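Now for the letters of each chain:
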Amino acid sequence: FLTAFADVQRNRIEVGWRAWAEDEQSWGMDHVVLDGYTSHPEVWRALTKELAREWRHESGARLHLGMAFIDGGAYAEEVYRFFQGIARNPVEHVTGHCRASKGVGRFGAPIVTRKMSTVAKNLKGHEIGTWEAKDRIYERLRMTETGPGFLHFNERFGEEYFQQLTVEKVVITFDGGQEIRKYENEKNERNEALDIEVGCLAALRLHPRNFEQIEAELREQVKPPEPEGKFVTARSFGGRDRKSVV
């Protein structure tokens, strides 16, 4: 199941892709930077094209976006116009697979809210509980053996990505005797990679997925075509076999 997250900045949109198995073991597919001021429509057209991207499963089956979140926290007006454009001109494999989101650092906030709400101005979307999601991600980054929850990365992810991914630190505070874990970026360094991984996890968790059905659909794509006719062997009068198509 493919998820994506678009982190919206003033002069670019960064898109991260991750593929998931049923046990939440996952594979980082790509990290793409779409340059362009988000006040201009060109970068949003590039985002639409990126989200419509086709992937190939190792079996040869075609894969498309399952769910994506677009960060609507800082540039809500531009994100709102993006969704208006998608509504007016539906795009295959993007329409219905893409929603707005807003990260909230709050104790007890779930990784993602199931119901849509107003995340900024007129923009409807889902809140992402960033502290809870970062707990899961940092736990998984410490794993040393593949298995449920393990995070795989390929060579498209460079050193800078991992620096951004691990830039935040856990701070423990207490409120009325209750221990509260929160995350802080003390030096205000770039953390787009961490936001991308948080967003992809939230996109997966938004709704339960039927992985048996997904697997069946993949198998169906690569199923060998049935022959037009069925070959049968019949004995000829002369004692030799002959093949006929029926």
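Scroll up for the structure.
## Points about the sheet that holds strand β10 (residues 151-152)
Okay, step 1: Strand order in this open sheet of eight strands is β8-β9-β7-β6-β1-β2-β3-β10, and the pairing throughout is mixed. Each edge of the open sheet is held by one strand with a lone partner, namely β8 (117-120) and β10.
Okay, step 2: Pairing of strand β1 (residues 2-9) with strand β6 (residues 67-71), which is carried by four bridges, proceeds in the parallel orientation. When the bridges of β6 are listed, T3 appears paired with M67.
Okay, step 3: Contacting β1, β6, β7 (98-104), β8 and β9 (123-129), helix α2 (residues 76-88) crosses the sheet at an angle of about 160° to β7.
Okay, step 4: Contacting β2 (12-20), β7, β9 and β10, helix α3 (residues 130-141) crosses the sheet at an angle of about 50° to β9.

## Focus on the packing of α3 against helix α5 (residues 192-205)
Okay, step 1: The geometry of α3 relative to α5 is characterised by a closest axis approach of 9 Å and an angle of 105° between their N-to-C directions. In terms of their interaxial angle, α3 and α5 are classed as roughly perpendicular. Residue-level contacts link T130, A133, K134, R136, I137, Y138 and R140 of α3 to L194, E197, V198, L201 and R205 of α5.
Okay, step 2: Class assignment of the residues belonging to the contact of α3 with α5 gives a composition of six nonpolar, one polar and five charged.

## Here we look at the pairing of β6
Side-chain positions along a regular strand alternate between the two faces of the sheet.
Okay, step 1: Of all five residues making up β6, five are buried, and the element is well covered by its neighbours.
Okay, step 2: Burial along β6 is two-sided: the face carrying M67, F69 and D71 and the face carrying A68 and I70 are both buried.
Okay, step 3: Sheet topology places β6 next to β7; four bridges connect them, and they run parallel. Within the sheet, the bridge partner assigned to D71 lies in β7 and is S101.
Okay, step 4: Of the crossover connections in this fold, the one passing from β6 over α2 to the parallel β7 is right-handed.

Reading the values: the criteria
Numbers given for residues are sequential positions, taken from 1 along each chain in its written order. Totals for whole chains, interfaces and linings use every residue, but because this is a predicted model, local features are given only for residues with pLDDT of at least 70 and side-chain atom pairs only at 80 or more, for both listing and counting. Processing note: side-chain calculations cover all non-hydrogen atoms of the structure and skip hydrogens and water entirely. When DSSP finds at least two bridges between two strands, those strands are taken to pair. Only runs of H or I of at least four residues qualify as helices and only runs of E of at least two qualify as strands under DSSP, and these elements are numbered from the N terminus. Throughout, a residue-residue contact means that at least one pair of heavy atoms, one from each residue, lies within 4.5 Å. Comment: axis = line fitted to C-alpha atoms, over the contacting stretch for helices; angle = value between 0 and 180 degrees taken between N-to-C directions. Any angle that is under 35 degrees is reported as roughly parallel, and any over 145 degrees as roughly antiparallel; angles of 65 to 115 degrees are reported as roughly perpendicular and all others as oblique. Under the scheme applied here, ten amino acids are nonpolar (Ala, Val, Leu, Ile, Met, Phe, Trp, Tyr, Cys and Pro), four are charged (Asp, Glu, Lys and Arg), and all others, including Gly, are polar. Burial classification: accessible surface area is computed with a 1.4 Å probe over protein chains only, and a residue below 20% of its type maximum counts as buried, one above 50% as exposed, and the rest as partly exposed. Look down the strands so they point away from you; if going from the first strand over the helix to the second traces a clockwise path, that crossover is right-handed.

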